[in-house]
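Chain and residue survey
Residue-level listing of the chains:
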Amino acid sequence: MADDLYVNNEAAKGAPAAAPREGFKDLSTEHKLLGCLLKNEDPNGRDWREHQLSASQVKRYWDEGYLSNVPVLTEEQCDRLLEAYETFLDPDNLHPGHGLFYEFHSNQSGDPNNVLLHALGHWRIEPAFHDLCFLPSIAVPASQLICPSREPHPIRLWHDQLFSKPARHGGVVAWHQDYSYWTRTTPMLHITVHIALDDQTTENGGLHFVPGSHRWHRNGGMPLPITDASFRNMESIQNVLTDEEKAAFRPVPSGLKKGQASFHHPLMVHGSYGNHSDGPRRACVVNYIADGVLSDADEPLMNGLPVIPKVKYLVPKFYCYDS
């Protein structure tokens, strides 16, 4: 399948125009918990086994392509992340680390009636989002689910994301498979962790999944093509589905509550409708790769990062070890 089917034309539009403020510390140099979300505990002394999924949860993930409603954050931790998120919002007073974002779209759709804030790279900027990527309650389950062997496997951070939909005119996120945007890496050993910072409902644009769609692929394992990188056209994926896939296209809501996470396969078709409620719908995402995943592109994998040549491992500092 032609490479241009997987071109994300929106990525370059989100690249920050300016460098971070002089002297601002890039947190990608820190490959450990800083204590921002686990203030009263020694992260190195915790028994990470308490965060392991059961065998039935692992089976459900591979049967359906996702696992939802896993508690990962407390109310206090969510509020700390929301406080950090608020520091990114003033266009007239940019965060001093704004230049470290891989992408920052104040409205990726470009439609003022369909607003979707979407950002990548905030783990480098705010300590709370940095620590989220290393949090045992997220990293341990991800390491259990990332490989088809169903055995725990060491993971690395791929990148993080923020999604925010304002009240009453929050935008959609069109149906898609994540690996359609990640074919610049190989093999496909990735996992997405979506964490709700507000309760998610059908009214406020909560995340939906199409169970079983993680088995939908093209040409020996390639994902479905990108159909709308701006995320505006909710149903654009229908143009590339087979009749059999259309018949099986039965979305279900994640039903995530504040502090809960869903874990989904890189081929899981997912999306979310607009926010028509009176409150915001905010979520953060951590994407991991299995240790051993390689670059498959002779160009930067993210805006502002150095090139990792084809067939080279994704190594620190930006693709750091977790566990």
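Refer to the preceding data block for the structure.
How each quantity is defined
Residues numbered from 1 in each chain as written. Predicted model: local features only at pLDDT ≥ 70, side-chain atom pairs only at ≥ 80, totals over all residues. Heavy atoms only, no water. Salt bridge = Lys/Arg side-chain N within 4 Å of Asp/Glu carboxyl O. Helix = DSSP H or I, 4+ residues; strand = E, 2+ residues; numbered from the N terminus. Buried < 20%, exposed > 50% of the residue type's maximum accessible area, 1.4 Å probe, protein only. Contact = heavy atoms within 4.5 Å. Pairing = 2+ DSSP bridges. Axes fitted to C-alpha atoms, helices over the stretch in contact; angles between N-to-C directions. Polar contact = N/O pair within 3.5 Å; in protein donor to acceptor, adjacent residues only side chain to side chain. Core = buried A, V, L, I, M, F, W, Y, C linked by side-chain atoms within 4.5 Å.

It is worth spelling out the pattern of salt bridges at this point. Note on pairing: side chains with opposite charge can pair once their charged atoms come close. Under the defined criterion, the tally for this structure stands at 11 salt bridges. Ionic pairing is found between Lys 59 and Asp 63, a salt bridge with its closest N-O pair at 2.6 Å. Taken as a pair, Lys 59 and Asp 63 lie in helix α1 (residues 55-64) at a separation of four residues, close to a single helical turn. Looking at Lys 59, the relative accessible area reads 46%, which means it is partly exposed.

That bond from Thr 186 to Pro 187 is cis: its omega, -5°, falls within 30 degrees of zero. Here Pro 187 shows up in the loop between β6 (185-186) and β7 (190-196). If you check the backbone angles, Phe 231 has positive phi at about 70° while not being a glycine. Assignment of secondary structure puts Phe 231 in the loop between β8 (207-209) and α5 (243-247). Of the residues examined, Phe 231 reaches a relative accessible area of 5% and is grouped as buried.

For helix α4 (residues 136-145), the tally of buried residues reaches 10 of 10 residues, placing the bulk of the element in the interior. By the burial criterion, the buried members of α4 are Pro 136, Ser 137, Ile 138, Ala 139, Val 140, Pro 141, Ala 142, Ser 143, Gln 144 and Leu 145. In this fold, the buried residues of α4 make contact with α1, α3 (127-132), β4 (155-165), β7, β10 (260-264) and β12 (281-290).

A word on the sheet that holds strand β11 (residues 270-272). Across the sheet, four strands lie side by side as β5-β11-β8-β9; this open sheet has antiparallel pairing. The sheet is open, and its two edges are formed by β5 (173-176) and β9 (252-253), each paired on a single side.

As a further point, take the environment of Glu 235. Tracing the backbone through its elements, the reader meets Glu 235 in the loop between β8 and α5. When the C-alpha positions of Glu 235 and Val 173 are compared, they lie 9.9 Å apart, and in sequence the two are 62 residues distant. Once residues lying within four places of it in the same chain are set aside, the contact partners of Glu 235 are Trp 175 and Tyr 273.

The next thing to look at is the sheet that holds strand β1 (residues 66-71). Taken together, the seven strands give an open sheet; going across it, the order is β1-β10-β7-β12-β4-β3-β2, and neighbouring strands pair in antiparallel fashion. In the strand order of this sheet, the two ends are held by β1 and β2 (103-105), each with one partner. Taken pair by pair, the neighbouring strands of this sheet meet at an average axis angle of 20°, ignoring direction. As defined by bridge partners, strand β3 (residues 117-120) adjoins β4 across three bridges and the pair is classed as antiparallel. Pairing of Ala 119 across the sheet is with Leu 162, part of β4.

Along the chain, the position of Thr 185 falls in strand β6. In this structure Thr 185 comes out as buried when scored by relative accessible area, which is 0%. Considering only alpha carbons, one finds Thr 185 and Ser 295, 110 residues apart in sequence, at a separation of 4.6 Å. Once residues lying within four places of it in the same chain are set aside, the contact partners of Thr 185 are Trp 158, Tyr 179, His 190, Val 293, Leu 294, Asp 296, Leu 301 and Leu 314. For Thr 185, the side chain forms a polar contact with the main-chain oxygen of Trp 182, separated by 2.8 Å.

Of all hydrophobic cores here, the largest spans 75 residues; its most connected members are Leu 132, Ile 195 and Tyr 288. Here the element with the most residues in this core is β12; it accounts for six residues. Among all residues touching Leu 132, those that are not within four sequence positions of it are Leu 37, Leu 73, Leu 81, Ile 138, Ile 195, Cys 284, Val 286 and Tyr 288. One finds Trp 175, Met 234, Leu 241 and Phe 249 within the second-largest nonpolar core, a separate group that totals 10 residues.

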